[in-house]
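Results of the structural survey
Given next are the chains, with one letter for each unit.
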Amino acid sequence: QLQLVESGGGLVQPGGSLRLSCAASGFSLDYYTVGWFRRAPGKEREGVSCVTWSTYSSNYKHSVKGRFTISRDNAKNTVDLQMNSLKPEDTAVYYCAVQGGPDPNFCSLLDQGRYNRWGQGTQVTVSS
């Protein structure tokens, strides 16, 4: 019953916006660092954004800074990713994942091995 489910993906025109949501069931996200990752066709999975669970420190891939915003909603047990000014190169399957343990104070997007549980992914397509 421990699951992560992503939602909110879809088809959007360049310059448009989408809001992705990562919902947890069977456990509380309050005590987990959460990261958003994506995999584009023919490319390796890469980190997009992350947020710690106690200090709420966040980090972003350089190419999405100023366009994407990660946020926590403990009442809904979700972590969202607001994506604005979307570009065709943002097209990918987006995944959320959680990392247990003490708050790291800073979350790295490079060490994906620290994330213990992953969702199934949601497709984001930016076209025309």
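To keep things clear, this report deals only with the structure shown in the data block.

Calculation criteria
- Residues numbered from 1 in each chain as written.
- Predicted model: local features only at pLDDT ≥ 70, side-chain atom pairs only at ≥ 80, totals over all residues.
- Heavy atoms only, no water.
- Helix = DSSP H or I, 4+ residues; strand = E, 2+ residues; numbered from the N terminus.
- Rg over C-alpha atoms; globule rule 2.2 N^0.38 Å.
- Buried < 20%, exposed > 50% of the residue type's maximum accessible area, 1.4 Å probe, protein only.
- Contact = heavy atoms within 4.5 Å.
- Areas by Shrake-Rupley, 256 points an atom, 1.4 Å probe, with all protein chains shown as cover.
- Lys, Arg positive; Asp, Glu negative; His and termini not counted.
- Charge placed at Lys NZ, Arg CZ, Asp CG, Glu CD.
- Phe/Tyr/Trp six-rings, centres within 6.5 Å; stacked < 30°, edge-to-face > 60°.
- Disulfide = S-S within 2.5 Å.

1. Digging into the overall build of the protein
- Within the protein, the regular secondary structure consists of zero helices and 11 strands.
- When its helices and strands are written in sequence order, the protein yields β-β-β-β-β-β-β-β-β-β-β.
- For a compact globule of 128 residues, the expected C-alpha radius of gyration is about 14 Å, and the protein comes in at 14 Å, within 12% of that figure.
- Counting only C-alpha atoms, the protein reaches 45 × 30 × 25 Å along its principal axes.
- Relative to its full complement of 128 residues, the protein shows a buried share of 45%.
- Considering only intrachain contacts with a sequence separation of at least 6, the fraction spanning at least 24 residues in the protein is 63%.
- Counting every atom, the protein has about 6,600 Å² of accessible surface; 48% of that belongs to carbon and sulfur.
- Taken as two groups, the 13 positive and 10 negative side-chain charges of the protein have centres that lie 3 Å from each other.

2. With respect to the packing of aromatic side chains
- Scanning the entire structure with this criterion turns up five aromatic pairs.
- Between the aromatic rings of Y31 and W53, the centroid separation amounts to 5.4 Å while the plane-to-plane angle is 70 degrees, which identifies the pairing as edge-to-face. Here the residue Y31 occupies a position in the loop between β3 (18-25) and β4 (33-39), and W53 occupies one in the loop between β5 (46-51) and β6 (58-60), the gap between them amounting to 22 residues.
- With a relative accessible area of 55%, Y31 lands in the exposed category.
- Aromatic side chains F37 and W118 sit 4.8 Å apart centroid to centroid with 45 degrees between the ring planes, which places their arrangement in the tilted category. One end of the pair, F37, is in strand β4; the other, W118, is in strand β10 (residues 117-118), with 81 residues separating them in the sequence.
- For F37, a relative accessible area of 0% corresponds to the buried category.

3. Quick look at the state of the cysteines
- The full count for this structure, using the stated rule, is two disulfides.
- Each sulfur in the disulfide pair C22 and C96 lies 2.1 Å from the other. On the sign convention where negative means left-handed, the S-S torsion of about 70 degrees between C22 and C96 marks this disulfide as right-handed. Of the two residues, C22 sits in strand β3 while C96 sits in strand β9 (residues 92-99), which places them 74 residues apart along the sequence.
- A sulfur-sulfur separation of 2.1 Å characterises the disulfide bridge that pairs C50 with C107. On the sign convention where negative is left-handed, the bridge of C50 and C107, at about 95 degrees about the S-S bond, is right-handed. Remark: C107 occurs in the loop between β9 and β10 and C50 occurs in strand β5; sequence separation between them is 57 residues.

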